[in-house]
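Chain by chain, the residues:
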Amino acid sequence: MTERSSDSAAAAPASATAAYRPVSTVGVIGAGVMGRGIAAANLEYGRSVILFDADGNALQEALFEFAGSRNRLQARVRAAAEIAELADADIVIEAVTEKLSTKRQVLAAAERVTRPHAVLASNTSSIPIARIAEALSRRVLETYEALERAYEVIQARISLGVLAFDRGDYEAARDHYPAAIARCRQSGNRYGLGKCLVNVGNVLYALNRLDEAKAHYEEALPLLRELGVRWGEQIALNNLGGVCHSLGDAEAAVGWFEQSLAVSQGIGYETGSVMALTNLSDVEHGLGRPRQARDHMRQAFALARKTGVPWLMLDCVVYFAKQLGKHPAHRAEAHALLRHLAEHHPMDYMRTNALNSIEEIEAACPAAERKRLRAAAPLESDAAAVERTAVLLERAEP
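Going along each chain's sequence as written, the residues are numbered from 1 onward. Totals for whole chains, interfaces and linings use every residue, but because this is a predicted model, local features are given only for residues with pLDDT of at least 70 and side-chain atom pairs only at 80 or more, for both listing and counting. As a rule here, side-chain values come from all non-hydrogen atoms in the structure, and water together with hydrogens is ignored.

Another point: the nonpolar core. The nonpolar side chains of a soluble globular protein tend to be buried, and buried together. Among buried residues, those of type Ala, Val, Leu, Ile, Met, Phe, Trp, Tyr and Cys that are joined through side-chain atoms within 4.5 Å constitute a nonpolar core. Only protein chains enter the area calculation, which uses a 1.4 Å probe; residues under 20% of their type maximum are buried, those over 50% are exposed, and those in between are partly exposed. Counting residues in hydrophobic clusters, the biggest one holds 78 residues, and the most contacted among them are I181, V274, F301, C316 and L338. The greatest single-element share of this core, amounting to eleven residues, is contributed by helix α15 (residues 310–324). If you look at the next biggest cluster of nonpolar residues, it comprises 19 residues, including V28, L59, V77 and A121. Helix and strand assignments follow DSSP, with helices taken as H or I runs no shorter than four residues and strands as E runs no shorter than two, numbered in order from the N terminus.

This is the structure:
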């Protein structure tokens, strides 16, 4: 989830639960990593799932996964050959590729075939929910809000925690989870427990309570592995690498990031692979391994360009420019890239990352050079930043 649009209503109070119909069947459009995770979450809560994907191979792979490590859930999930088979779903959640036209198309198709009371929801990625819903007559919710309408105590707490986290209210986010964790332990809901532990780890990581975050990820990891929740495993591994890096244990960080990369590649999660490769490059550069750092950055950048996801490519540019700025001969190029991204990257934390790197470069410069860097003409566009990075990455020297 990213931003919530202004037309998204707040969660309804408990007194309003009677206004909502019970949720017994969930339709999921998209059988990739996110689609499978959403399907698994609903199956764990006892709902039936109808899974559709236009790519028959992806659909069969998802069913094979449920028949294997998640075989206890298999009986309540079935494949749909076409969207029309989602007609009986109480909620339909799209988790397709991050393209506005595709999301609108599948939700419009779902709106035509589902009953009037059915809830339509979107795993919005970086696209505002209001833009996705513009062409529809029915209101579209974000995934967490849609699941919250079922008024499951655990899921509602998780949803509220995620929403607070997304708006940067980390203390409020943390406060939503103790009740959910206690309920999961009491009821034996191992999937819910693993999910809560990862989310609390993310909150503690954001609060810079690194040792506590590490403990939560380490408790979650074996649960997620046992249950076959590989997308959750990938998140825990990647964030364990980040925590260890922040704690100064770079070698441990490399190990976690390598495991995260292996899981991402195993499930075909290209975004996860890019993040793991970028993180590996960042740590290896700090360890004085320039060739390994450059090789991993080249792989990350090539894969990010293959996905076509703008923010993912720009993330690579930021991390590469940080490394480039350490070399006096390349300060001007790094500074120009970072200046552009400090203003234009779509994510706050990456703009901050770019600003911090600019400060590091300028602090290492004589006053005259610093003045020249600040006076240089800015890059014209994100595309120019990406193309410039492609050229710089192909240079022979690490």
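That shown, we press on.
Further remarks concern unusual backbone geometry. With a phi close to 65 degrees, N208 is a non-glycine residue in the positive phi region. You can see N208 is positioned in the loop between α9 (190–206) and α10 (210–227). For N208, a relative accessible area of 57% puts it in the exposed group.

Let's shift gears to the pairing of strand β4 (residues 91–94). Burial along β4 is two-sided: the face carrying I91 and I93 and the face carrying V92 and E94 are both buried. Two strands make a pair as long as DSSP finds a minimum of two bridges between them. As paired strands, strand β1 (residues 25–29) and β4 are joined by four bridges and run parallel to one another. The residue bridging V26 from the neighbouring strand is I91, located in β4. Relative to strand β5 (residues 119–122), β4 runs parallel, the two being bridged by four bridges. Bridging across to β5, E94 finds its partner in S122.

Inspection of the secondary structure puts A121 in strand β5. By relative accessible area, which is 0% here, A121 ends up buried. Remark: the alpha-carbon pair of A121 and V28, spanning 93 residues in sequence, is separated by 9.5 Å.

Examined against the element boundaries, L197 turns out to sit in helix α9. Judged by its relative accessible area of 1%, L197 falls in the buried class. C-alpha separation for the pair L197 and H216, spaced 19 residues apart in sequence, amounts to 5.4 Å. Residue contacts follow a heavy-atom distance rule, with two residues in contact if any of their heavy atoms lie within 4.5 Å. Contacts of L197, omitting those with residues within four sequence positions, involve I181, R185, H216, E219, A220 and L223.

Turning our attention to the confidence of the model for the protein chain. When pLDDT is averaged across the protein chain, the result is 83; 84% of the residues are at 70 or more. pLDDT measures the predictor's confidence residue by residue and takes values from 0 up to 100. In this model, residues 1–20 is a region of pLDDT below 50 whose contacts with residues beyond four sequence positions or in other chains number 39 contacts.

Let us now look at the side chain of Q323. Examined against the element boundaries, Q323 turns out to sit in helix α15. Judged by relative accessible area, Q323 falls into the buried class, the value being 6%. When residues no more than four places from it in sequence are discounted, the contact partners of Q323 are S281, D282, H285, A293 and M297.

This next bit is on the pattern of salt bridges. Salt bridge criterion: a side-chain nitrogen from Lys or Arg within 4 Å of a carboxyl oxygen from Asp or Glu. Applying the stated criterion across every chain, the model contains 22 salt bridges. Between R174 and D175 there is a salt bridge; the shortest N-O distance is 3.7 Å. Using a relative accessible area of 25% as the deciding quantity, one classes R174 as partly exposed. By relative accessible area, D175 is classed as exposed at 51%. A salt bridge links R305 to E387; the nearest nitrogen and oxygen atoms lie 2.5 Å apart. Of this pair, R305 sits in helix α14 (residues 290–307) while E387 sits in helix α19 (residues 382–393), and the two are 82 residues apart along the sequence. Given a relative accessible area of 42%, E387 falls into the partly exposed group. In the salt-bridge network here, residues are joined through shared partners; they are E171, R174 and D175.

Moving on to the side chain of S281. By secondary structure assignment, the location of S281 is in helix α13 (residues 270–286). N or O atoms closer than or at 3.5 Å make up a polar contact, with two conditions inside protein: a donor-capable atom paired with an acceptor-capable one, and, for residues adjacent in sequence, both atoms drawn from side chains. Among the polar contacts listed, one links the side chain of S281 to the side chain of Q323, at a separation of 2.9 Å. Each residue touching S281, except ones within four places of it in the same chain, is listed here: A293, H296, M297 and Q323.

It is worth spelling out the state of the cysteines at this point. A pair of cysteine sulfur atoms is labelled a disulfide when the two atoms are within 2.5 Å. Overall, the coordinates contain zero disulfides when judged by the stated rule. The closest cysteine sulfur to the non-disulfide-bonded C196 is located on C184, 4.4 Å from its own sulfur. Residue class for C196 comes out buried when judged on its relative accessible area of 0%.

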